[in-house]
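# Summary of structural features
Take a look at the letters that make up each chain.
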Amino acid sequence: MVDSTILFHNGSVFSTEGPPDCWILIKDGKVAARGYSAEQIKDLNLDNATKIDLQGKLLTPGIGDAHIHVGDVGWGREASVTEPKDSARSKDDFVNLTREYLASEKWLTINDTVNNFEALGWWDESYVPDLETLDSLVSDRPAIFHRRCLHVMALNSKAISALRLDSEEFVPPANIEIVRDENGKAAGLLREGFNLVSEIRVESSTTLKRRIILGLETCVKAGLTQVHACEGKEPGLIEAWIELAKENKLKIRVFLSIFYDAFVDLKTRNILPKQGVTFGDRLTFDRVKLFADGALGANTAALSKHYKQAPHSGIALESIESMTFKLTEIMDQGYRAEIHVIGDRAVDNTLGGLFNSGYSIEQIRKFRHILNHSQIIRKDQHQRIIDLGCSCSIQPQFVTSDAPWVYESVPDELHDALYTWKTFLDLGIPVHGGSDSPVEEILPLEAIEAAIKRSDGNGGTFMPAECLTLREALSIFTHGVAQGVRLENKIGSLLPGQLADFNILNGSLDDTSVQNWKILESFVEGKLVFKA
Ligand SMILES: [Zn+2]
């Protein structure tokens, strides 16, 4: 009789410390044992176990993504016919892509109720659509084009009126920048206005669930075993997640990082689950997402100095005072915070908010709050980050995307503070790897490669001293992702007793690059969830 014991042998079993093992024994969804020599297997009495010959393949702890917008990935798959890499870089590109898309009529299914036209990832830094062009393309309904970072959007006239941007009664929400023409009329560009736009996007639970499944399917196919999903802009999205989890529709582990507004809403309605509560074995409420600033490409990340090309230092979405209030409110509910910080001034405001929260340093450390993106962190900020027990969530693919222009944008004094991941690790600051998809594509091996190579897109290396080794890069996407949910003792390194979440790949730890690697299989708790 075959029992639930599976032996994977004759392979290379990754270990975050020390040399790899050659076999691992999985029993009842957990790691029962592992070892470095085939001799050891003989003593295990495995007559009834299933034995799988890895034929030299690599077995790693489950690869994860510590920052991803699963709902938006699903939304993007419906709202965009292009991959982010094909974003329009000129007016002709933009007009052609949009015409092609409109002709496909696929966009009519985007929204059940309002019938807006929304598209994602259609333009990047090199081209900004204007109102006239947008109106000439879509004139019968609101059209909203998001830049792929989601921090800037271009609107047609119908969208401007749907959002009442030119109405007398319109009260501009704080921190949203509405670009206006010389007569004070909205000119069609909106910075940091995603939540405002969400208000005119009312969607059914069926649509939201379909979108989540579509997004999660993309994650599973990419070989991920766990995602930290940043969700909750749309009303009803969190409830849709819970329903799917209860219906056992989630194949991989999902840890929710819920938007602050959704957190307040759930709290007010007395339906906020306790931190750490899990639905259907797969969906865990982990943390609350705050935004301290915008993005570098949009000149809205909050810096301590002026941008090179703009007469300002970006937009701090929270002051130290408002940060203190929100962080205290979050910790009072037993939740941890994940704070979007791209510029160093955003980091100052966040750390200041934590210090002023009224919680002791010892108490704050236990929450292990996460600084998300951590793109510009000055040397003098390191010790405060360590003292407060914070960690850094990073997206290595950003370096390759940003390197061509970032030195032209960020002031010289801050250049040595850019994407300093190796420094974080050397200082003992935990680092969690992710993609921020749909901003970057969900390609974990590409992300690992980006952390190793830090390619500047021009044949060079962006700050070579900050390159990670293959072992470090693989660790931040396995063990590091588990650390991001404080579960490094349960998942992420395949030590005996841990849950058996793992991947099988055709790669070797002796390689200096993962370029030719492929994720062949993914397992969650010993069960196969994906096969290439
Ligand atoms: Zn994000």
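Conventions adopted
Residues numbered from 1 in each chain as written. Predicted model: local features only at pLDDT ≥ 70, side-chain atom pairs only at ≥ 80, totals over all residues. Heavy atoms only, no water. Donors = N, O, S within 2.8 Å, 3.2 Å for Na, K, Ca; no water. Helix = DSSP H or I, 4+ residues; strand = E, 2+ residues; numbered from the N terminus. Buried < 20%, exposed > 50% of the residue type's maximum accessible area, 1.4 Å probe, protein only. Axes fitted to C-alpha atoms, helices over the stretch in contact; angles between N-to-C directions. Parallel < 35°, antiparallel > 145°, perpendicular 65-115°, else oblique. Left-handed = near helix turned anticlockwise from the far one by under 90°. Contact = heavy atoms within 4.5 Å. Nonpolar A, V, L, I, M, F, W, Y, C, P; charged D, E, K, R; others polar. Disulfide = S-S within 2.5 Å. Pairing = 2+ DSSP bridges. Phe/Tyr/Trp six-rings, centres within 6.5 Å; stacked < 30°, edge-to-face > 60°. Lys NZ or Arg CZ within 6 Å of the ring centre and 35° of its normal. Core = buried A, V, L, I, M, F, W, Y, C linked by side-chain atoms within 4.5 Å. Arc of directions from axis to C-beta.

The protein is annotated in an unreviewed UniProt entry as Amidohydrolase 3 domain-containing protein of Oikopleura dioica.

In ideal tetrahedral geometry, four donors around a metal make angles of 109.5 degrees, whereas ideal octahedral geometry with six donors gives angles of 90 or 180 degrees. The protein atoms that coordinate the zinc ion are His67 (NE2), His69 (NE2) and Asp436 (OD), at distances spanning 2.1 Å. Along the chain, the residues donating to the zinc ion are arranged with the sequence spacing H-x1-H-x366-D. Of the two residues, His69 is situated in the loop between β7 (64-68) and α2 (70-79) and Asp436 in the loop between β20 (431-433) and α16 (444-453); the sequence distance between them amounts to 367 residues. The pair formed by His69 and Asp436 is uniform in burial state, with each residue classed as buried.

The N-to-C vectors of helix α10 (residues 320-332) and helix α11 (residues 344-355) enclose an angle of 55 degrees; their axes lie 8 Å apart at closest approach. As judged from the angle between their axes, α10 and α11 are oblique. Crossing of α10 over α11 shows right-handed handedness. Two secondary-structure elements touch here, α10 through Ile320, Met323, Thr324, Leu327 and Met331 and α11 through Asn349, Thr350, Gly352, Gly353 and Leu354. Counted by class, the contact of α10 with α11 contains five nonpolar, five polar and no charged residues.

The bond known as a disulfide is covalent and runs between the sulfur atoms of two cysteines. Evaluation of the coordinates by the stated rule reveals zero disulfides. In this structure Cys230 is not part of a disulfide, and its nearest cysteine sulfur, from Cys219, lies 13 Å away. Among the residues examined, Cys230 registers a relative accessible area of 2% and is labelled buried. Between Cys392, a free cysteine, and Cys390, which holds the nearest cysteine sulfur, the sulfur-to-sulfur gap is 8.1 Å.

The next subject is the sheet that holds strand β1 (residues 5-9). Adjacent strands of a sheet form backbone hydrogen bonds with each other and so pair up, either parallel or antiparallel. Ordered by their spatial adjacency, four strands build an open sheet running β4-β3-β1-β5, and the pairing between neighbours is mixed. Looking at the sheet topology across the chains shown, the edges are occupied by β4 (30-35) and β5 (50-53). With strand direction ignored, the average angle separating the axes of adjacent strands in the sheet is 20 degrees. Taken together, the five bridges between strand β3 (residues 23-27) and β4 define a ladder with antiparallel strand orientation. Its bridge partner being in β4, Trp23 is matched across the sheet by Gly35.

The tally for this structure, following the rule as stated, stands at 13 aromatic pairs. Here the aromatic rings of Phe94 and Tyr127 are separated by 5.5 Å at their centres, their planes lie at 45 degrees, and the arrangement is tilted. Of this pair, Phe94 sits in helix α3 (residues 91-104) while Tyr127 sits in the loop between β8 (117-120) and α4 (131-137), placing them 33 residues apart in sequence. Members of the aromatic cluster, each reached through a chain of ring pairs, are Tyr407, Tyr419, Trp421 and Phe462. Over the ring of Phe259 we find Lys289, and its NZ or CZ is 5.8 Å from the ring centre. Lying across the ring of Trp421, Arg454 places its NZ or CZ 4.5 Å from the centre.

Turning our attention to the nonpolar core. Trp241, Leu283, Phe285 and Leu296 are the most contacted members of the largest nonpolar core, which has 103 residues in total. Among the elements that make up this core, the one with the highest residue count is helix α8 (residues 237-246) (seven residues). Setting aside chain neighbours within four positions, we find Phe285 in contact with Ile238, Ile242, Leu256, Ile258, Leu266, Pro273, Lys274, Gln275, Gly276, Val277, Phe279 and Tyr335.

Inspection of helix α13 (residues 379-387) places Gln381, His382 and Ile385 among the buried residues, and these make up the whole buried set. Seen end-on, α13 carries its buried residues on one side only, within an arc spanning 120 degrees. Among the structural elements, α11, β18 (370-373) and α15 (421-426) are those in contact with the buried residues of α13. With its phi angle positive at about 70 degrees, Gly389 sits one or two positions after the end of α13.

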